[in-house]
Amino acid sequence: MIKPLRGMKDLAFEDAAKFQYFIEKAATVAKRYGYSYVETPILEDTALFKRSVGESSDIVNKEMYQFIDKGENDVCMRPEGTAGVVRFFISNKLDRQQGKFKFFYYGPMFRYERPQKGRLREFHQFGCESFGEASVYEDYTIIELVAAIFDALNIKYELEINSLGCQECMPKYRESLVEFLEKKKEKLCEDCNRRITTNPIRVLDCKNPHCKEQLVDAPKITSSLCSSCESDFTKLKSLLEQNGIEYKVNSNLVRGLDYYNKTAFEFVSSEIGAQSAIAGGGRYDRLVEFLDGKPTPAIGFAIGIERVMDLISLPKEQKSGYYIGVMDSVALDYAIAIAKALKMSETVTVEYTPRKLKAHLKAADKMNARYCLVIGEDELQNGTLWIKDLVEKVEDRLSQEQFLKRNKL
RNA sequence: GUGGGUAUAGCUCAGUUGGUUAGAGCACCAGAUUGUGGCUCUGGGGGCCAUGGGUUCGAGUCCCAUUAUCCACCCCA
């Protein structure tokens, strides 16, 4: 038996319904915030991700589905969504226009990781990217947008924010952090020691309790910000407060992708296991430039759809549509013709196996149909239909014309 | 990449210290005075006990390997 590949799942039945429900809600909210839909290719030039996500990140280092295609191009299945949208933004020369552009997208992402709860190799993200707006009001608004999506879906979350500083303050902070870490070197774990040179900020994020202990009095980025980053961060916090969005400052919050600067945020759920980040995002003012576009400030986020799946409860489904059954196979042709007309406007299921009335009613009930329509011997003889409303519990016998007229067909 | 757990019916799981024909619930199908649903009762179909090796008179049960899967580390949404 051929099974789906490791870390890949079929999406069907209730999960499929939840997925569509999520997309519908999220897209509706995103559109209200001025975002329009964009779909970019799943396969991209490997260089795109190396240059955007960053060579130092694990994603690029060891998790990419990368291969050489038949034209000998080095290609890669996208591990995240932002790079593709930024590439689209630049390829279409939108960076040369002065306007502001906002896009939302959703679709599959691929990372070659060991699967566990909330972590698949093929997973889906819904994300938004806003280009051309440097104001901190946009930082606030995009966080508000994520919150609005979760609110629309009745999902509980905790919001954590941080500022990663800019070109001015980040390098200085980095220096002082490295200095601090060098002193503690022997007491830190292997991974942390490696990170001191590769990506020192990530040390702050280490889950090892011994490391955490050592890092208590590490210099904090939030107290090393330059005046403009500092005032933006303060403004962001007050905007969140004014608008009733609860948050916690987490000065150890580091986004795993190299392109972030200034505002970084994460939405976390305590109800879904170890992989608790349900959305993450932040500002990436330098990324467009890195990818050969004109310098353009930008900010975005992504929601992990699978992570949020268990937190969604679908509205209860009402009985609807028609079930058509026959008690004798001679009536089938007749049933099919009626079904064809009905299908212009209704969901219709025809059972081809002749059954007793009781079995048909049972089946109609099982599939949540509103109406059960049965053609038996009597109906066949005098050209009528027997129809029962499974909700109102009333039944009727109509001629075919009467029935079609009643349904305006 | 590193740990640990699990693998028996379509699904959720029982299965005694190894012992005859493999169990339940759910789901499915059929019946319970002639053509009336959701409840109930009765019956039925459905298993290479993940795969491959061992140990044994005898293995679903014990041992080894492989594979899959889950959870955690790591990483991240």
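Residues numbered from 1 in each chain as written. Chains lettered and ligands numbered in written order. Predicted model: local features only at pLDDT ≥ 70, side-chain atom pairs only at ≥ 80, totals over all residues. Heavy atoms only, no water.

Asker: With reference to specific residues and values, describe the pattern of salt bridges.
Answerer: In total, this model carries 15 salt bridges according to the counting rule given. Among the ionic pairs, Arg87 bridges to Glu44, the shortest N-O distance being 2.6 Å. Of the two residues, Arg87 is situated in helix H4 (residues 82–91) and Glu44 in strand S2 (residues 43–45); the sequence distance between them amounts to 43 residues. Assessed through its relative accessible area of 8%, Glu44 is described here as buried. A salt bridge links Arg370 to Asp389; the shortest N-O distance between them is 2.9 Å. Note that Arg370 is positioned in the loop between helix H13 (357–366) and strand S14 (371–375) and Asp389 in strand S15 (residues 384–389), a separation of 19 residues in sequence. Residue class for Arg370 comes out partly exposed when judged on its relative accessible area of 22%. A network of salt bridges, in which partner residues are shared, links Asp139, Arg283 and Asp285. (Salt bridge = Lys/Arg side-chain N within 4 Å of Asp/Glu carboxyl O. Helix = DSSP H or I, 4+ residues; strand = E, 2+ residues; numbered from the N terminus. Buried < 20%, exposed > 50% of the residue type's maximum accessible area, 1.4 Å probe, protein only.)

Asker: Please provide a residue-by-residue account of the protein's contact with RNA strand B, values included.
Answerer: In the vicinity of RNA strand B lie 47 residues, with Arg114, Arg195, Arg202, Ala277 and Lys393 positioned nearest. Across the atoms of RNA strand B situated within 4 Å of the protein, the share located in sugar and phosphate is 52%. Within the contact set of RNA strand B, a sugar or linking oxygen lies 2.7 Å away from a side-chain nitrogen or oxygen of Arg111. The separation between a sugar or linking oxygen of RNA strand B and a polar main-chain atom of Ala277 is 2.4 Å. When contributions to the surface near RNA strand B are tallied by element, the ones reaching two or more residues are strand S6 (122–131), strand S10 (277–283), strand S11 (298–304), H13, helix H14 (377–382) and S15. Among the elements that line the surface near RNA strand B, the one with the most residues is H13, at five residues. Among the residues forming the surface near RNA strand B, the class breakdown is twelve nonpolar, eight polar and 27 charged. (Near = heavy atom within 4 Å. Polar contact = N/O pair within 3.5 Å; in protein donor to acceptor, adjacent residues only side chain to side chain. Nonpolar A, V, L, I, M, F, W, Y, C, P; charged D, E, K, R; others polar.)

Asker: I'd like a description of the side chain of Gln125, backed by residues and values.
Answerer: As for its placement among the helices and strands, Gln125 is situated in strand S6. For Gln125, a relative accessible area of 11% corresponds to the buried category. Not counting residues up to four positions away in its chain, the partners in contact with Gln125 are Glu80, Gly81, Tyr105, Tyr106, Gly107, Met109, Arg111, Ala302, Ile303 and Ile305. (Contact = heavy atoms within 4.5 Å.)

Asker: Could you give an account of the packing of helix H1 (residues 13–32) against helix H5 (residues 136–152), naming the residues involved and the relevant values?
Answerer: In contact at an axis separation of 9 Å, H1 and H5 are set at 140° when each is read in the N-to-C sense. With respect to their mutual orientation, H1 and H5 come out oblique. Of the two elements, H1 crosses H5, and the hand of that crossing is right-handed. Residues Phe22, Lys25, Ala26, Val29 and Ala30 of H1 form the contact with H5, whose own contacting residues are Leu145, Ala148, Ile149 and Ala152. The residue makeup of the contact of H1 with H5, split by class, is eight nonpolar, no polar and one charged. (Axes fitted to C-alpha atoms, helices over the stretch in contact; angles between N-to-C directions. Parallel < 35°, antiparallel > 145°, perpendicular 65-115°, else oblique. Left-handed = near helix turned anticlockwise from the far one by under 90°.)

Asker: Give me the lowdown on the pairing of strand S16 (residues 394–399), citing residues and values where you can.
Answerer: Here S15 pairs with S16 via six bridges, running antiparallel. Residue Leu385 lies in a different strand from S16, and its bridge partner there is Leu398. Taking the residues between adjacent antiparallel strands as the criterion, S15 and S16 are bridged by four residues, where Lys393 takes a positive phi near 60°. (Pairing = 2+ DSSP bridges.)

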